Amino acid sequence: MAQSATHRLGHVALRVQDMDRATAFYGSLGFRLTWEADDWAYLQNPRNGDGIALLSPSYKAAGPHVAFHFCDRSEVEAAHARLAAAGHPVGPVHDHRDGTASFYFQDSEGNWLEMLYEPAAGIPSNVPGQAPIPVPPLAGERS
């Protein structure tokens, strides 16, 4: 798959047993809570937006995975089309409740990956008083 110049390794999703304990732990490492729901939470590094998704046992939409983030939804759709054209099984591109959109698929070793559109202004937060963390420009790109 050809790589886009505008994607980055954006987040890792982990299965956790205790959401409060895990959220507090990653908060103590300097991550800021961006999105909180009964079944999952998303925390980000406030300096660069790198994230950790915490998936509760009741979260069924996806399992543990690594996500690549794109600043343009059309790049996610193009990556989806390239993979599908090459005969690689991919899930549908779908919208998420946090304003992002993505699709999931497995790599050649069976690991789950996500290709995710993240608005340049950052992932909207549902936590009162928390502004989105803007996506920093990649090395070699102008801001």
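For the structure, check the block above.
Each value, and the rule that gives it
Residues numbered from 1 in each chain as written. Predicted model: local features only at pLDDT ≥ 70, side-chain atom pairs only at ≥ 80, totals over all residues. Heavy atoms only, no water. Salt bridge = Lys/Arg side-chain N within 4 Å of Asp/Glu carboxyl O. Helix = DSSP H or I, 4+ residues; strand = E, 2+ residues; numbered from the N terminus. Buried < 20%, exposed > 50% of the residue type's maximum accessible area, 1.4 Å probe, protein only. Pairing = 2+ DSSP bridges. Contact = heavy atoms within 4.5 Å. Axes fitted to C-alpha atoms, helices over the stretch in contact; angles between N-to-C directions. Expected span 1.5 Å × (residues − 1). Polar contact = N/O pair within 3.5 Å; in protein donor to acceptor, adjacent residues only side chain to side chain.

Undergrad: I'd love a proper account of the pattern of salt bridges, names of residues and values included.
TA: When charged atoms on two side chains of opposite charge get close, those side chains can pair. The final tally for this structure, using the stated rule, is five salt bridges. Between Glu-118 and Arg-8 there is a salt bridge whose closest N-O contact spans 2.9 Å. In this pair, Glu-118 sits in the segment after β8 (112-117) while Arg-8 sits in strand β1 (residues 7-15), placing the two residues 110 residues apart along the sequence. Across the pair, Arg-8 and Glu-118 agree in class, each one buried. A salt bridge links Arg-97 to Asp-39; the nearest nitrogen and oxygen atoms lie 3.0 Å apart. Remark: Asp-39 occurs in the loop between β2 (32-36) and β3 (40-44) and Arg-97 occurs in the loop between β6 (94-95) and β7 (101-106); sequence separation between them is 58 residues. Linked through salt bridges whose partners overlap, the residues forming this network are Arg-8, Asp-50 and Glu-118.

Undergrad: I'd like a rundown of the sheet that holds β1, residues and numbers included.
TA: Read across the sheet, eight strands follow the order β2-β3-β4-β1-β5-β8-β7-β6 without closing on themselves; strand pairing throughout is mixed. Here the strands that pair on one side only, and so sit at the sheet edges, are β2 and β6. As judged from the six bridges shared by β7 and β8, these two strands associate in the antiparallel manner. Paired with Tyr-104 across the strands is Glu-114, a residue of β8. With respect to the sheet, helix α2 (residues 73-85) is in contact with β5 (65-70), β6, β7 and β8, its orientation differing from that of β7 by roughly 25 degrees.

Undergrad: Outline α2, listing residues and values.
TA: Taking 1.5 Å of rise per residue, 13 residues should cover 18 Å, and α2 covers 18 Å from first to last C-alpha, within 8% of that figure. Looking at the buried residues of α2, the elements they touch are β5, β7 and β8. Just past α2, the residue Gly-87 takes up positive phi, approximately 85 degrees.

Undergrad: Hey, could you go over the side chain of Gln-44 for me, with residue numbers and the actual values?
TA: In this fold, Gln-44 is placed in strand β3. Judged by relative accessible area, Gln-44 falls into the buried class, the value being 0%. Side-chain polar atoms of Gln-44 contact the backbone oxygen of Gly-49, separated by 3.0 Å. Residues contacting Gln-44, with those up to four places away along its chain left out, are Gly-30, Phe-31, Arg-32, Thr-34, Gly-49, Asp-50, Gly-51, Glu-118, Ile-123 and Ile-133.

Undergrad: Tell me about the environment of Pro-137, and please be specific about residues and values.
TA: Considering the arrangement of structural elements, one finds Pro-137 in the segment after β8. Residues Pro-137 and Leu-83 lie 54 residues apart in sequence; the distance between their C-alpha atoms is 26 Å.

Undergrad: Please set out the environment of Arg-73 residue by residue, giving values where relevant.
TA: Within the fold, Arg-73 resides in helix α2. Here Arg-73 falls in the partly exposed class, since its relative accessible area comes to 28%. Note: C-alpha distance between Arg-73 and Pro-119 (46 residues apart in sequence) is 8.3 Å.

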